[in-house]
Amino acid sequence: MKRIAIDMDEVIADAENRFFEWYEKDYGIKIPMEKLHCRHFPEIVDEQHMTIVKKYPWKEGFFKDLGVIKGSQEVISELVKKYEIFITTAAMEFPNSLVHKLEWLNKYFPYISWQNIVFCGDKSIIHADYMIDDSVRHFKRFTGQGILFTAPHNINVDWNPRVNSWKEVGDMFL
Ligand SMILES: [Mg+2]
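Heads up: these notes are all about the structure in this document. Throughout, residues of each chain are indexed from 1 in the direction in which the sequence is written. Where totals are concerned, whole chains, interfaces and linings use all residues; where local detail is concerned, this predicted model gives features only for residues with pLDDT of at least 70, and gives and counts side-chain atom pairs only at 80 or more. Water and hydrogen atoms play no part in the side-chain values, which are based on all heavy atoms of the structure.

So, the nonpolar core
In step 1: Here, nonpolar core refers to any group of buried Ala, Val, Leu, Ile, Met, Phe, Trp, Tyr and Cys residues whose side-chain atoms link them within 4.5 Å. Relative accessibility under 20% of the residue-type maximum defines a buried residue, over 50% an exposed one, and the middle range a partly exposed one, all with a 1.4 Å probe and only protein chains included. Counting residues in each nonpolar core, the largest one holds 42 residues, and the members touching the most others are Ile6, Ile12, Phe41, Leu79, Ile132 and Trp166.
In step 2: In this description a helix means any DSSP run of H or I spanning at least four residues, a strand means any run of E spanning at least two, and both kinds are numbered starting from the N terminus. Among the secondary structure elements, those contributing two or more residues to this core are strand 1 (3–6), helix 1 (16–27), helix 3 (72–82), strand 4 (84–89), helix 4 (98–108), strand 7 (145–149) and helix 5 (166–173).
In step 3: Broken down by element, this core gets its largest block of residues, four residues, from helix 1.
In step 4: For the purposes of this description, domain bounds are those given by an automatic or database domain assignment. Shared between two domains, this core holds at least three residues of each, these being domain 1 (3–14 + 67–173) and domain 2 (16–58).
In step 5: The contact criterion used throughout is that any non-hydrogen atoms of two residues lie within 4.5 Å. When sequence neighbours within four positions are dropped, the list of residues in contact with isoleucine 6 reads Val11, Ile12, Ile76, Leu79, Ile85, Phe86, Ile87, Thr88, Ile132 and Trp166.

Let's talk about the coordination of the magnesium ion
In step 1: Donor atoms from the polypeptide that bind the magnesium ion are Asp7 (OD), Asp9 (O) and Asp134 (OD), placed at 2.0 to 2.2 Å.
In step 2: Sequence spacing of the donors to the magnesium ion: D-x1-D-x124-D. Here aspartate 9, found in the loop between strand 1 and strand 2 (13–14), pairs with aspartate 134, found in the loop between strand 6 (130–133) and strand 7; they are 125 residues apart in sequence, far enough to count as distant. Residue aspartate 9 shares its accessibility class with aspartate 134, and that shared class is buried. Coordination partners: N, O, S within 2.8 Å of the metal, 3.2 Å for Na, K and Ca; water not considered, so apparent gaps in a site are possible.

Considerations on the packing of aromatic side chains
In step 1: Two rings from Phe, Tyr or Trp (for Trp, the six-membered ring) form a pair when their centres are within 6.5 Å of each other. A pair whose planes differ by under 30 degrees is stacked, one over 60 is edge-to-face, and the rest are tilted. This structure, assessed with the given rule, holds 18 aromatic pairs.
In step 2: Taking 4.7 Å as the distance between ring centres and 70 degrees as the angle between the ring planes, the aromatic pair formed by tryptophan 58 and phenylalanine 94 counts as edge-to-face. Of this pair, tryptophan 58 sits in the loop between helix 2 (50–54) and strand 3 (67–68) while phenylalanine 94 sits in the loop between strand 4 and helix 4, and the two are 36 residues apart along the sequence.
In step 3: With centroids separated by 5.4 Å and ring planes inclined at 35 degrees, the aromatic side chains of phenylalanine 63 and phenylalanine 94 adopt a geometry described as tilted. Taken together, the residues phenylalanine 63 in the loop between helix 2 and strand 3 and phenylalanine 94 in the loop between strand 4 and helix 4 connect sequence positions 31 residues apart. Both residues of the pair, phenylalanine 63 and phenylalanine 94, count as buried.

Brief notes about the pairing of strand 1
In step 1: At least two DSSP bridges between two strands are needed for those strands to be called paired. The pairing of strand 1 with strand 4 spans four bridges and is parallel. By the bridge assignment, isoleucine 4 is partnered in strand 4 with isoleucine 85.
In step 2: Sheet analysis places strand 1 next to strand 6, joined by three bridges and oriented parallel. Its bridge partner lying in strand 6, alanine 5 is registered against methionine 131.

Side note on the pattern of salt bridges
When charged atoms on two side chains of opposite charge get close, those side chains can pair.
In step 1: One side-chain nitrogen of Lys or Arg within 4 Å of one carboxyl oxygen of Asp or Glu is enough to make a salt bridge. A complete count under the given rule lists 11 salt bridges for this structure.
In step 2: A salt bridge links glutamate 21 to arginine 18, with the nearest nitrogen and oxygen atoms 2.8 Å apart. Of this pair, glutamate 21 and arginine 18 are both found in helix 1, three residues apart, which corresponds to roughly one turn of the helix.
In step 3: When its relative accessible area of 38% is taken as the criterion, glutamate 21 is described as partly exposed.

Structural notes on the sheet that holds strand 8 (residues 162–163)
In step 1: Ordered in space as 5-4-1-6-7-8, the six strands form an open sheet in which the pairing is parallel. Every interior strand has two partners, whereas the edge strands, strand 5 (117–119) and strand 8, have only one.

This is the structure:
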């Protein structure tokens, strides 16, 4: 079986939306999603809020009960029949995320065994045939084929192949 490594944030888990939620809660400002075009959330807020917003992912609860990226559950439930699927996330950067990420995976992807979950730092340690990720930096030293999953921040990033949705991942692999 070929092996596919799949990222969490902005690929199967909607962490970006948590920034919008917390920012609105803290400052009462609702930012339209479209502003995110080609940028990460901390770059679109008021300059005086930037330092605090940048630290959100390190705070307790940021990764708790995130939304699920549309179509990921359905497509991955089919992929596991034909491929070895690993969830690979650079979670070590955010120590408070570990328990919540694991709980989240058990809740929304219960058919993925703990043996197929990799919480890591540098993803170049991952050995797989394909890696589906929204950050091309993880492809630099990856020996397999990196597949860029479209997110607002990477719209202008030059990478091929790219997939815009889980439907497109299904079309590519199933
Ligand atoms: Mg990601």
